[in-house]
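Survey of secondary and tertiary structure
Chain by chain, the residues run as shown.
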Amino acid sequence: MIKCNILKLGCVSSNTITTLRYLSANASSTGKDAQTNMEDDVLFKDIGNKGIIILNRTKALNALNLSMVEKIYPVLKKWESSKKLVIIEGAGEKAFCAGGDVKSLVTALRESDNKIISETFFRNEYTLNYLIGTYKIPYVAMINGITMGGGVGLSVHDVGGTYFLPRLKGKLGLYLGLTGNRLKGVDVLLAGIATHFIPSEKLSDLKEELLTTELPDPKEILNKYQPKPLNQEFSLAPYMNEIDKCFSASCVEEIIDRLKENNSEWAEKTVQMLLKASPTSLKVTMCAIQKGSTLNLPDCLKMEFRLACAALNKTSDFCEGVRALLIDKDQKPKWNPTCLEEVTDTYVNQQFMKLPEEKELQL
């Protein structure tokens, strides 16, 4: 995938070139994080004027934690002036990166109500995202398997979500942001998120060519490996008119009303997806995407950091959702407020309030 002179690649595998030399960066830690830091949760391969980063927490689907962020940032910063190309990929067959390790963050909040670890994680993560989003050399993100949240931050740039989602075609970004609908394979390219789609069986050859060929523009190599023609229609293409009509409404309640009026099978399924979600998250997400459409990248990241900090309390829907899905796994979140009508504009606006100057994200 390529955006803003940064190369990113979709649909890849975890194949590695065995002749490459492994490097490991270690970060100091105490308590429960010590064991994680002792493990090689991130691997670095130094190949002449090129480098590879491997997310290496396969049992956790390569979920991103503070240890990993603190290791990746200084290496990327160094490589920006010493390398000509960087590749990032996930180890294993299941995931590139299943997002930030929110289970650990919420567990810490529930046990001690200590926000410092969580705030530090999000601060460092968004700082890393900004570095990647403004990287000065080609950056190829090999997205293979599950990719969510923090994994999107490492791979889809321009990031954050409030920046790239409103810049997709029509109301597609708002639809994806509110429903959480999953895109697979070539759909990520056809949606305008990825810039290239490469069949898995060609990935090993592609990576070797990227690492061994000296070309001023690596896009020539990426283009060579992308099938021509793709011979596949975007899976949401049949619904784009409905998406644009329904999701151009001024509020979430009106979106749902328009979907109900549509009365198609697709619209009914979409309503059910929305009604399962946190009412607060729906309204905050819609507001954030609308605001993001007029903001630049750093201001979007600053806004997202404020929203993350606002959610860092035991009673937030963020914590409740993580509890229901990842901790207790009862799949029965108890949202508060329980319905859209109870989520006031005043409450939504409070989530966007600026932090004290010393706590604001500095980019």
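Scroll up to find the structure this text is about.
Residues numbered from 1 in each chain as written. Predicted model: local features only at pLDDT ≥ 70, side-chain atom pairs only at ≥ 80, totals over all residues. Heavy atoms only, no water.

1. Remarks on the side chain of Glu304
The line we're drawing: Helix and strand assignments come from DSSP, with helices taken as H or I runs of at least 4 residues and strands as E runs of at least 2, each series counted from the N terminus. Burial classes follow relative accessibility: with a 1.4 Å probe on protein chains only, a residue under 20% of its type's maximum area counts as buried, one over 50% as exposed, and anything between as partly exposed. Charged-residue counts in this description rest on Lys and Arg as positive and Asp and Glu as negative, His and the chain ends being excluded. Salt bridge, as used here: a side-chain nitrogen of Lys or Arg that lies within 4 Å of a carboxyl oxygen of Asp or Glu. As used in this structure description, the phrase polar contact means that two N or O atoms lie within 3.5 Å; if the pair is within protein, one of them must be able to donate a hydrogen and the other to accept it, and residues adjacent in sequence are counted only when both atoms belong to side chains. In this analysis, two residues are considered to be in contact whenever any of their non-hydrogen atoms come within 4.5 Å of each other.
Here Glu304 is to be found in helix α15 (residues 297-310). Arg167 provides the closest opposite charge to the buried, salt-bridge-free Glu304, at an N-O distance of 9.1 Å. Engagement of the side chain of Glu304 in a polar contact is seen with the side chain of Tyr126, the distance being 3.5 Å. Discounting residues that sit within four places of it in the chain, Glu304 has contacts with Tyr126, Gly160, Gly161, Thr162 and Tyr163.

2. Points about the packing of helix α4 (residues 116-133) against α15
We count it as follows: Angles shown run from 0 to 180 degrees and are taken between the N-to-C directions of axes, each axis being a line fitted to C-alpha atoms and, for helices, limited to the stretch in contact. Roughly parallel covers angles under 35 degrees, roughly antiparallel covers those over 145, roughly perpendicular covers 65 to 115, and oblique covers all other angles. By the definition used in this description, the sense in which the near helix is turned from the far one sets the handedness, with an anticlockwise turn below a right angle giving left-handed and a clockwise turn giving right-handed.
Interhelical geometry of α4 versus α15 gives an angle of 165° and a closest axis separation of 10 Å. Judged on the interaxial angle alone, α15 and α4 are roughly antiparallel. The chirality of how α4 crosses α15 is right-handed. Of the residues in α15, those in contact with Glu119, Phe122, Arg123, Tyr126, Asn129, Tyr130 and Gly133 of α4 are Leu297, Pro298, Leu301, Glu304, Phe305, Ala308 and Cys309.

3. Thoughts on the pattern of salt bridges
For the coordinates displayed, the defined rule picks out 14 salt bridges. Asp101 is the salt-bridge partner of Arg57, the closest N and O atoms lying 3.4 Å from each other. Separated by 44 residues along the polypeptide, Arg57 in the loop between β6 (50-55) and α2 (66-82) and Asp101 in the loop between β8 (95-97) and α3 (102-112) bring together distant segments of the chain. Among the residues examined, Asp101 registers a relative accessible area of 14% and is labelled buried. Here Arg323 makes a salt bridge to Asp328, at a shortest N to O gap of 2.9 Å. Overall, Arg323 belongs to the buried group, its relative accessible area being 11%. For Asp328, a relative accessible area of 43% corresponds to the partly exposed category. Among the charged side chains, a network of salt bridges with common partners joins Glu320, Arg323, Asp328 and Asp330.

4. Quick look at the pairing of β6
The criterion, for reference: Pairing between strands requires that DSSP locate at least two bridges from one strand to the other. Crossovers are marked right-handed if the path from the first strand over the helix to the second runs clockwise, as seen with the strands pointing away from the viewer.
Counting buried residues in β6 gives 6 out of 6 residues, a clear majority hidden from the surface. Residues Lys50, Ile52 and Ile54 of β6 are buried on one face, and the alternating residues Gly51, Ile53 and Leu55, pointing to the opposite face, are buried as well. Connecting strand β5 (residues 42-47) to the next strand, β6, in antiparallel fashion are 2 residues, including Gly48 with a positive phi near 60°. Note that β6 and strand β7 (residues 85-90) share 6 bridges and pair parallel. Pairing of Ile53 across the sheet is with Ile88, part of β7. Handedness of the β6-α2-β7 crossover: right-handed.

So yeah, pure geometry; function would need other evidence.
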